[in-house]
Amino acid sequence: MMHTNYLVIGSGVAGLTFAVKIAERFTDKTVTIVTKANEDESNTKYAQGGVAVVLDAKEDSFQKHIDDTLLAGDGLCNEQVVELVIKEGPKRLQELIDWGANFDSNDQGTLDLGKEGGHSEYRVVHHKDITGYEVERALLNRAHQLPNITILAHHFAIDLITDHHLEASDTHNISCYGAYVLDQKSKHIETIKADSTLLASGGVGCVYGHTTNPVIATGDGVAMAYRAKALIKDMEFIQFHPTALYDTQEGSSFLISEAVRGFGGYLRNKDGHRFMLAYDDRAELASRDIVSQSIDSELKKSGDTHIFLDCTHIDIEDFKSHFPNIYKKCLTHHIDIKKDWIPVVPASHYLCGGIVVDTEGRTSVKNLFACGECSRTGLHGANRLASNSLLEALVYAHNIYTYHVTHQLSSIQVAIPEWNDEGTVIPKEHILIQHNLKQLQALMRDYVGIVRSNNRLIKAIKHLDLIYNEVDELYRKSKVNTALCELRNMINVAHLIIHQSLERKENRGGYYNVDNEFNITSAYT
Ligand code: FAD
Ligand code: SIN
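Residues numbered from 1 in each chain as written. Chains lettered and ligands numbered in written order. Predicted model: local features only at pLDDT ≥ 70, side-chain atom pairs only at ≥ 80, totals over all residues. Heavy atoms only, no water.

K.L.:
How would you sum up the nonpolar core? Please name residues and give values.
P.N.:
Grouped together as the largest cluster of nonpolar side chains are 131 residues, with contacts concentrated most on Leu199 and Leu440. At 11 residues, the largest contribution of residues to this core is made by helix α13 (residues 482-503). For Leu199, the contacting residues outside a window of four places in its chain are Ile9, Leu160, Gly221, Met224, Ala225, Ile355, Leu368, Phe369, Ala370, Cys371 and Cys374. Counting residues in each nonpolar core, the second largest holds 28 residues, with Val260, Ala283, Cys311 and Val344 among its members. (Core = buried A, V, L, I, M, F, W, Y, C linked by side-chain atoms within 4.5 Å. Buried < 20%, exposed > 50% of the residue type's maximum accessible area, 1.4 Å probe, protein only. Helix = DSSP H or I, 4+ residues; strand = E, 2+ residues; numbered from the N terminus. Contact = heavy atoms within 4.5 Å.)

K.L.:
Break down the pairing of strand β12 (residues 238-245) for me, citing the residues and quoting the values.
P.N.:
The element β12 is extensively covered by neighbouring structure, given that eight of its eight residues are classed as buried. Relative to strand β16 (residues 342-351), β12 runs antiparallel, the two sharing six bridges. Directly across from Ile238, in β16, lies its bridge partner Leu351. (Pairing = 2+ DSSP bridges.)

K.L.:
Requested: an account of the sheet that holds strand β17 (residues 354-356), with residues and values cited.
P.N.:
Strand order across the open sheet formed by three strands is β11-β17-β19, with mixed pairing between neighbours. Strand pairing shows two members of the sheet lacking a second neighbour, β11 (232-233) and β19 (375-376), which therefore form its edges. Judged from the two bridges that link them, β11 and β17 form a sheet pairing that is antiparallel. For Lys233, the partnering residue across the bridge sits in β17 and is Gly354.

K.L.:
Go over the environment of Thr191 with me, naming the residues and quoting the values.
P.N.:
Summarising the element assignment, Thr191 is placed in strand β9 (residues 189-199). Linking Thr191 and Trp419, residues 228 residues apart in sequence, is a C-alpha distance of 6.8 Å. In contact with Thr191, not counting residues within four places along its chain, are Met1, Met2, Ile161, Ala179, Tyr180, Ile416, Pro417, Glu418 and Trp419. Here the side chain of Thr191 touches Glu418 through a polar contact of 2.6 Å, side chain to side chain. (Polar contact = N/O pair within 3.5 Å; in protein donor to acceptor, adjacent residues only side chain to side chain.)

K.L.:
Lay out empty space enclosed by the protein in plain terms, naming residues and giving numbers.
P.N.:
Scanning all chains against the criterion turns up two cavities of 30 Å³ or more. For the largest cavity, the full set of lining residues is Ile238, Gln239, Phe240, Arg288, Asp289, Ser292, Gln293, Asn383, Ile450 and Gly510. In this structure, the second largest cavity spans a volume of roughly 30 Å³. Lining the second largest cavity, in full, are Asp234, Cys352, Ser375, Arg376, Thr377, Gly378, Leu379, His380, Gly381 and Glu392. Among the residues making up the lining of the second largest cavity, the classes are represented as two nonpolar, five polar and three charged. (1 Å grid on protein atoms, 1.4 Å probe; cavity = no way out; pocket = protein on both sides within 12 Å on 5 of 7 lines; lining within 4 Å. Points joined across faces, edges and corners; volume = space filled by probe spheres on them. Nonpolar A, V, L, I, M, F, W, Y, C, P; charged D, E, K, R; others polar.)

K.L.:
Explain the pairing of β16 to me, and be specific about the residues and the numbers.
P.N.:
The element β16 is extensively covered by neighbouring structure, given that 10 of its 10 residues are classed as buried. Alignment of strand β15 (residues 307-310) against β16, held across three bridges, turns out to be antiparallel. Paired with Leu309 across the two strands is Ile342, which belongs to β16.

K.L.:
I'd like a rundown of the pattern of salt bridges, residues and numbers included.
P.N.:
Considering all chains together, one arrives at 35 salt bridges under this definition. A salt bridge links Lys320 to Glu317; the nearest nitrogen and oxygen atoms lie 3.7 Å apart. With Lys320 and Glu317 both in helix α8 (residues 316-322) and three residues apart, the pair spans about one turn of that helix. One salt-bridge network, in which partners are shared between bridges, spans Lys21, Glu88, Lys91, Arg92 and Glu95. (Salt bridge = Lys/Arg side-chain N within 4 Å of Asp/Glu carboxyl O.)

K.L.:
Describe the site of ligand 2, naming the residues involved and giving the relevant values.
P.N.:
For ligand 2, the full set of nearby residues is Gln48, Gly49, Glu116, His241, Leu255, Ser257, Glu258, Arg288, His349, Arg384, Ala386 and Ser387. Within the side chain of Arg288, one N or O atom sits 3.0 Å away from an oxygen atom of ligand 2. In this structure, Arg384 approaches ligand 2 through a side-chain N or O atom, which is 2.8 Å from an oxygen atom. With the chains in place, 92% of the 260 Å² that ligand 2 exposes on its own is no longer accessible. (Near = heavy atom within 4 Å. Areas by Shrake-Rupley, 256 points an atom, 1.4 Å probe, with all protein chains shown as cover.)

K.L.:
Quick rundown of the sheet that holds strand β3 (residues 51-52)? Include the residues and the values.
P.N.:
Sheet strands associate in pairs through backbone hydrogen bonding, adopting either a parallel or an antiparallel arrangement. Spatially, β3-β5-β4 is the arrangement adopted by the three strands of the open sheet, whose pairing is antiparallel. Either end of the sheet is taken by a strand with one partner, and the two such strands are β3 and β4 (113-114).

K.L.:
So what about helix α2 (residues 62-72)? Which residues, and what values?
P.N.:
What α2 keeps buried is the set His65, Ile66, Asp68, Thr69, Leu70 and Ala72. The inward-facing, buried residues of α2 contact β3, α3 (79-98), α7 (288-302) and α10 (388-406).

K.L.:
Can you explain the state of the cysteines? Please cite residues and give values.
P.N.:
Structurally, a disulfide amounts to a covalent bond that connects the sulfur atoms of two cysteines. Under the counting rule described, the total for this entry stands at zero disulfides. The closest cysteine sulfur to the non-disulfide-bonded Cys206 is located on Cys374, 15 Å from its own sulfur. No disulfide involves Cys485; its nearest neighbouring cysteine sulfur is the one of Cys206, lying 16 Å away. Taking the relative accessible area as the measure of exposure, Cys485 reaches 2% and is therefore buried. (Disulfide = S-S within 2.5 Å.)

Take a look at the structure:
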C-alpha cells in the first residue's frame, strides 16, 4: 500500500495546475499524479482556440464577459460563480505565463486576442492554434522541477476508496481515502491511500463515437464519483462542437477551431447558401448550441452528411500564420483552404455538467475534490461559452489550492483493504468489449444526439440495460483491464446522460428535446 498526501487523478490543465501550486507551497508534503496514458495525453493538449480572459480595458470589461457567459448558458449559470471565475482570469493567466507558457503577441507587443462564438469582444488569448499543447508543455515542465511531485504515467484509476470499501462502513457520511490504481505495465493494482484526492480526469467525449476528444476521454472520473455516491448534475448538457473535420470513419475527429469563424470563416451548405444568417443575428458567431442545432436542422432537411466551412475569401498568409496546424492538417486531407471549402460536421466536444462542486472545489464526498471538465461548478449552465474551460480549470485549481492552505490535512485513521480480485480470471474475449463499446457509441449517436425525443431516450435506456448487464457480468468475473473499466465507466456516464435528459422538461442551451417544444423555452436575455 502506498501513501501520499495529495492524490491527483489526471494530468491535464486542472490536475497539473493544482499539483504545481500545492507542491510549491508545501515542500514537505507528497503529491502523486496518476494518469492513464502518456503524461501529456489529455483534452488539454488538443485545445486550439485559447483561454478567454478580459485584457483589453478599452473595448472589453468583466461585465461584458459575464454577460456573454450568462447568455450562452441560457439562464442556468450560477451568477456568483461566473463573476468569480471571470474576475480571477487575468491573475491566473499571469501565473501560467510566469510558469513559462507563451502566448501570441500583436504588433503593439501586447497579447493578441482572438474571437469565438458567443463572445461580444476579442478576448481569447492563444498560442497559434495549439494553445493547449503549449499550456500542457509549460505545466509539465514546471511539475518536473518540483521534487515532491511524482507522476505515475500509464496508471489507471479504477475506483475511489470510500466508506463502501471498509468493513464497518458508514455509507451515509461518505469520505474518500484515495484510489485503487492499475499499473498498466505490471498489471498490479496499487492501493493508494491519500489524505486528499482530486479528480481531474477530464471529459466524456468518447461516449459518442464521433468526438473531438482523444481516446482518453471516457468519463472515468464522473463514473467513479457516481459509484462513490457523489452528486452529479447537468449531464444532459453535452456540448457538440459545430465544426469537426468531416470524416467517413467513426472515432476522434480533428477540430476546426471556432476561432476560424471568429477570423471570418463562413458556414455554407453544399449549394453555397450561408444558412446561419437565417438562424441568428450573430450568424456563424452565435453560441455553439445554436450553431450545432442549426446545422443539425439543415442536415436533416437536406439529407446531407456534412456542411462546409468556407475560408477562401480570407488572406491565406494571414490564415496560415494564425492557424498553421489547421492549415497543414487540411492539406493532409487534400483540402487546400485557399480554394477548397472544408467539410465539417458537429461532434461531441465537452461536458457542461459533471461532479457537483462548491466554489472551493469540494464534492459531496468528504476529502474528494473535482476540478476541470469532470466537475460541475455552475459556470457553464446549459452551454459553455467558448474558451471558458481552460479558464475555469485554472481558477478552480487555485480555489482548491487555497482551501488546502487554510484547512489542515487530517491523516487517515481507518484500515483500508487491498484490492480483492479473488475468483476472477483474465478475460479472453476482447471482442465482447469492442462489440459492446461500438453498440454503446451507436446508441448514443442515434438516440441521444443533438436533438432528442422521449421515445428515443426511453429506447436508449432499454438498449443500455442490455449492454450494462453483459458488461457487468464480465466485470465481476474478470481481472480488470483498462478497456473493460473504461467501457464500464462509459456505460455509467451514458446512464446519467439519458436519465438526466429525461428529467429535463424544458429546452435550454445545448439540450433540445422535440417533446419539450411546447414547454416554455427560456432564452436568457
Ligand atoms: P484533461 O485535459 O482531459 O485531462 C484529464 C486527464 O485525466 C488526462 O491526463 C487523462 O489521461 C487522465 N485520466 C482520465 N481518466 C483517468 C483514469 N481513470 N485514471 C488515470 N488518469 C485518468 N477549452 C478551452 O477553454 N479553450 C479551447 O481552445 C479549447 N479547445 C479544445 C479543443 C479540443 C479538440 C478539445 C477536445 C477540447 C477543447 N477545449 C477547449 C476544452 C478543454 O481543452 C478541456 O475541457 C480541458 O482541457 C479539460 O482539462 P482537464 O484537466 O479537466 O482534463
Ligand atoms: C475551439 O477552438 O473551437 C475550441 C474552443 C473551446 O472548446 O473552448
